[in-house]
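Descriptive analysis of the structure
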Amino acid sequence: MFLFHKPEPLNEVELLAPDYRKVAFCESSLNPRAVSRTGKYRGLFQFDQRSWEWVGGSPEITPDEASVSEQYLRARLLVSKQGFARAFPQCAYKTGVVK
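Okay, so let's go over this structure.

What counts and how
Residues numbered from 1 in each chain as written. Predicted model: local features only at pLDDT ≥ 70, side-chain atom pairs only at ≥ 80, totals over all residues. Heavy atoms only, no water. 1 Å grid on protein atoms, 1.4 Å probe; cavity = no way out; pocket = protein on both sides within 12 Å on 5 of 7 lines; lining within 4 Å. Points joined across faces, edges and corners; volume = space filled by probe spheres on them. Helix = DSSP H or I, 4+ residues; strand = E, 2+ residues; numbered from the N terminus. Nonpolar A, V, L, I, M, F, W, Y, C, P; charged D, E, K, R; others polar. Phe/Tyr/Trp six-rings, centres within 6.5 Å; stacked < 30°, edge-to-face > 60°. Buried < 20%, exposed > 50% of the residue type's maximum accessible area, 1.4 Å probe, protein only. Expected span 1.5 Å × (residues − 1). Bend = angle between axes of the 7 residues up to and from the residue. Contact = heavy atoms within 4.5 Å. Salt bridge = Lys/Arg side-chain N within 4 Å of Asp/Glu carboxyl O. Lys, Arg positive; Asp, Glu negative; His and termini not counted. Disulfide = S-S within 2.5 Å.

1. Concerning the layout of surface pockets
- In this structure, the largest pocket encloses a volume near 340 Å³.
- Along the wall of the largest pocket there are 16 residues; nearest its centre are Glu27, Tyr41, Gln46, Ala87 and Pro89.
- Elements represented by at least two residues in the lining of the largest pocket include exactly helix 2 (49-54), helix 3 (68-87) and helix 4 (89-94).
- Among the elements that take part in the lining of the largest pocket, helix 3 stands out by supplying four residues, more than any other.
- By residue class, the composition of the lining of the largest pocket is nine nonpolar, four polar and three charged.

As structure tokens, this is what we get:
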């Protein structure tokens, strides 16, 4: 007889593509609710509000209030417009995403 154990659900952050996961770890230690000391940068990818809205994020919420999937979508849009090197200049190089 086989016993099935329901697997633990994956944390949404675990589903990020590897390069985005590296950047998110560098930016926020994989914390989607992270807020910088100044309050300017927020969320998993540490968006400022201007960049967040530029890639279609709602002006009604700050990035750290959005779901992980929403933050990931906005990060992918930012990278598609600017590339990793411009979108996340420090962490893209620091993590080896850009060489």
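Having seen it, we continue.
2. Here we look at the packing of aromatic side chains
- In the structure shown here, the tally under the stated rule is five aromatic pairs.
- Ring plane angle 75° and centroid distance 5.4 Å describe the contact between Tyr20 and Tyr72, whose orientation is recorded as edge-to-face. Linking Tyr20 in helix 1 (residues 18-28) with Tyr72 in helix 3, this pair joins segments that are 52 residues apart in sequence.
- Among the residues examined, Tyr20 registers a relative accessible area of 11% and is labelled buried.

3. Here's the deal with helix 3
- Counted at 1.5 Å a residue, the expected span for helix 3 with its 20 residues is 28 Å, but the 18 Å between its end C-alpha atoms falls short.
- The sharpest bend along helix 3 reaches about 90° and sits at Lys81.
- Residues of helix 3 that are buried include every one of Val68, Gln71, Tyr72, Arg74, Ala75, Leu78, Val79, Phe84 and Ala87, and no others.
- Residues of helix 3 that are buried sit in contact with helix 1, helix 2 and helix 4.

4. Describing the pattern of salt bridges
- Tallied over the full model, the rule gives two salt bridges.
- The shortest N-O distance in the salt bridge between Arg42 and Asp64 comes to 3.2 Å. Separated by 22 residues along the polypeptide, Arg42 in the loop between helix 1 and helix 2 and Asp64 in the loop between helix 2 and helix 3 bring together distant segments of the chain.
- Under the relative-accessibility criterion, Asp64 is labelled buried at 10%.
- Glu70 is paired through a salt bridge with Arg74; the nearest N and O atoms lie 2.9 Å apart. Of this pair, Glu70 and Arg74 both sit in helix 3, separated by four residues, roughly a single helical turn.
- What makes Glu70 partly exposed here is its relative accessible area of 24%.

5. With respect to the side chain of Asp48
- Tracing the chain through its elements places Asp48 in the loop between helix 1 and helix 2.
- Within the buried core, Asp48 has no salt-bridge partner, and the shortest N-O distance to an opposite charge, that of Lys40, equals 4.6 Å.
- In contact with Asp48, not counting residues within four places along its chain, are Lys40 and Tyr41.

6. Some thoughts on the state of the cysteines
- All chains considered together, the criterion is met by one disulfide.
- The disulfide bridge from Cys26 ends at Cys91, spanning 2.1 Å between sulfur atoms. Looking along the S-S bond of the Cys26-Cys91 disulfide, the torsion reads about -70°, which is the left-handed sense. Residue Cys26 is located in helix 1, and its partner Cys91 is located in helix 4; the two are separated by 65 residues in the primary sequence.
- A relative accessible area of 6% means that Cys91 is categorised as buried.

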